[in-house]
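Breakdown of the fold
What follows is each chain in one-letter form.
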Amino acid sequence: MTPYVLALLAFVLAWPVPIVLQKAKWPSRAPGAALVLWQAVGLSGGLSLVAAPLCWGLQPFGTGLLGATRELWNLWISQGAATVLLDPRWHPLGLPAITLGLLLFGHLSLMLFHTTFITFRERRRHKNYVALLAASLDGAQGKSPKHRSSTHSTLVLPVDHLLAYCLPGINQSITVVSQGLVRQLSQPQLSAVLAHESAHLTQRHDLLRLAFHAWQKAVPWLPATSVAVHEVTELTEILADRSTLVHHERQNLIAALSHTLLANKHAEDASETTTQQNHRPGARRISCLVNQPRPLSLGNILVVFASSLMLVIIPAIISIV
Amino acid sequence: MGELEQSIMNTLWQAAMPLTSNEVRDRIGQQQKSTPAVTTVLTVLGRLHKKGFVIKNDSHRPHKFSATMTREEHSVQLLNDVLGSAVDKHAVLASFIGSIDPADAAKVQQMLNSKKK
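Analysis parameters
Residues numbered from 1 in each chain as written. Chains lettered and ligands numbered in written order. Predicted model: local features only at pLDDT ≥ 70, side-chain atom pairs only at ≥ 80, totals over all residues. Heavy atoms only, no water. Helix = DSSP H or I, 4+ residues; strand = E, 2+ residues; numbered from the N terminus. Rg over C-alpha atoms; globule rule 2.2 N^0.38 Å. Buried < 20%, exposed > 50% of the residue type's maximum accessible area, 1.4 Å probe, protein only. Contact = heavy atoms within 4.5 Å. Areas by Shrake-Rupley, 256 points an atom, 1.4 Å probe, with all protein chains shown as cover. Lys, Arg positive; Asp, Glu negative; His and termini not counted. Charge placed at Lys NZ, Arg CZ, Asp CG, Glu CD. Salt bridge = Lys/Arg side-chain N within 4 Å of Asp/Glu carboxyl O. Pairing = 2+ DSSP bridges.

1. Regarding the overall build of chain B
Looking only at helices and strands, one finds six helices and four strands in chain B. Taken from N to C terminus, the helices and strands of chain B fall in the order α-β-α-α-β-β-α-α-β-α. Relative to the globule expectation of 13 Å for 117 residues, the C-alpha radius of gyration of chain B, 21 Å, shows a markedly less compact shape. Oriented by its inertia axes, the alpha-carbon framework of chain B measures out at about 70 × 35 × 20 Å. Counting across all 117 residues of chain B, residues that qualify as buried make up 44%. Across chain B, contacts joining residues at least 24 apart in sequence account for 44% of those joining residues at least 6 apart. When the accessible area of chain B is evaluated, it comes to approximately 6,500 Å², of which 51% is carbon and sulfur surface. A distance of 6 Å separates the average location of the 15 positive side-chain charges in chain B from that of its 11 negative side-chain charges.

Have a look at this one:
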């Protein structure tokens, strides 16, 4: 039964569940809890996908991966590899199934390492570009440089485009804004932007996003992985907005967003680039900023956390034991 | 060290011709209060070379250095990273506008105005 339950779980988590989550309204009211659930969906989906063929192949040797592996190990130790491979209990497709499981595990792990490596390399390349063109924010605003954190600095690019973004790093993170932005926004609006980017860095949203980007790279033909990347990215933006609103006025954040979007729209119109998404990206974030949905009740949040935990623990237990 | 990298690149961009490390040092010294040591300049030039920003012409001594791309080309590369349609853009950097469609700019402005009332 176990391998079939795992396969069904992998299927459900790969297809209908992400679609349902994307359409749901409650993640706007509890973005942090929603992010935890998304991570559970990703982790559980991956584990189930790998465990299903492994469990199926090892069924003749014991219940669960632990029991079956122990049995095979004892056989190997006492009677050698050949006996293990030629054991009459193997189903004809048993070894191919195990190979499939191991290949899937290898593919997912390698894609995670590969995506991490590429992302860090691209960030470093971009940081090198920024380092040569940018000046410190204080200098650009005509202020004398105050003591800045050695782990986080804010730099200004001498370009007219309205730009604001952050580049996370292991030791050194930077927030980058453009001269155009500094000129266009009022001081409170600029402060709100910087607070938003700072929230991304302190909450390490880059690491959350990285896992889902890797997942998408590993299984690009599955629409759910693109849905997951988009949803997780948007939820981290909502969380960063929330952090910003603790100390900054909502008006300032919205105004800064509006200015930047308008400028980017002109740039997009001019260059004729188009986004390739089917649905309106960012709709959830705009809605959260402007409509301020009331938070989810504590009880419901606990349900989300409990579901996330169950999603990961149950397949882990039934496959191992 | 980042400031010296900037100074050296600015010098090479302004000169728009290959310079020796001594010439780079002298030009920096003219523009700033302190003149860096030529060994320091060489070290940083080496680093910039490794990053792909400087070409070294070592066909005859003294070796000459020049920028691989102009400041404008540098800017274009940078802007392409941020504003371009690279698939991995959201993985590499977290843009303030995130994945909001710029076409929604008017909508956001409208909502802002209606909330003010």
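2. Focus on the pattern of salt bridges
By the definition in use, this model includes 15 salt bridges over all chains. Ionic pairing is found between A:Arg121 and A:Glu122, a salt bridge with its closest N-O pair at 3.8 Å. The exposure class assigned to A:Arg121 is partly exposed, which follows from its relative accessible area of 38%. In this structure, the salt-bridge partner of A:Glu122 is A:Arg125, at a minimum N-O distance of 2.8 Å. With A:Glu122 and A:Arg125 both in helix H6 (residues 94–133) and three residues apart, this pair spans about one turn of that helix. One connected set of salt bridges, linked through shared partners, spans A:Arg121, A:Glu122, A:Arg125 and B:Asp81.

3. Some words on the pairing of strand S4 (residues 173–178) of chain A
Residue and element names in this part refer to chain A. Within S4, six of the six residues are buried, leaving the element largely enclosed by the surrounding structure. Side chains Ser173, Thr175 and Val177 of S4 all project onto a buried face; the interleaved residues Ile174, Val176 and Ser178 project onto the opposite face, where all are buried too. Both strand S2 (residues 152–157) and S4 contribute to a ladder of six bridges, which runs parallel. From the neighbouring strand, Ser153 faces S4, where its bridge partner is Ile174. What sits between strand S3 (residues 164–167) and S4 in their antiparallel hairpin is a turn of five residues.

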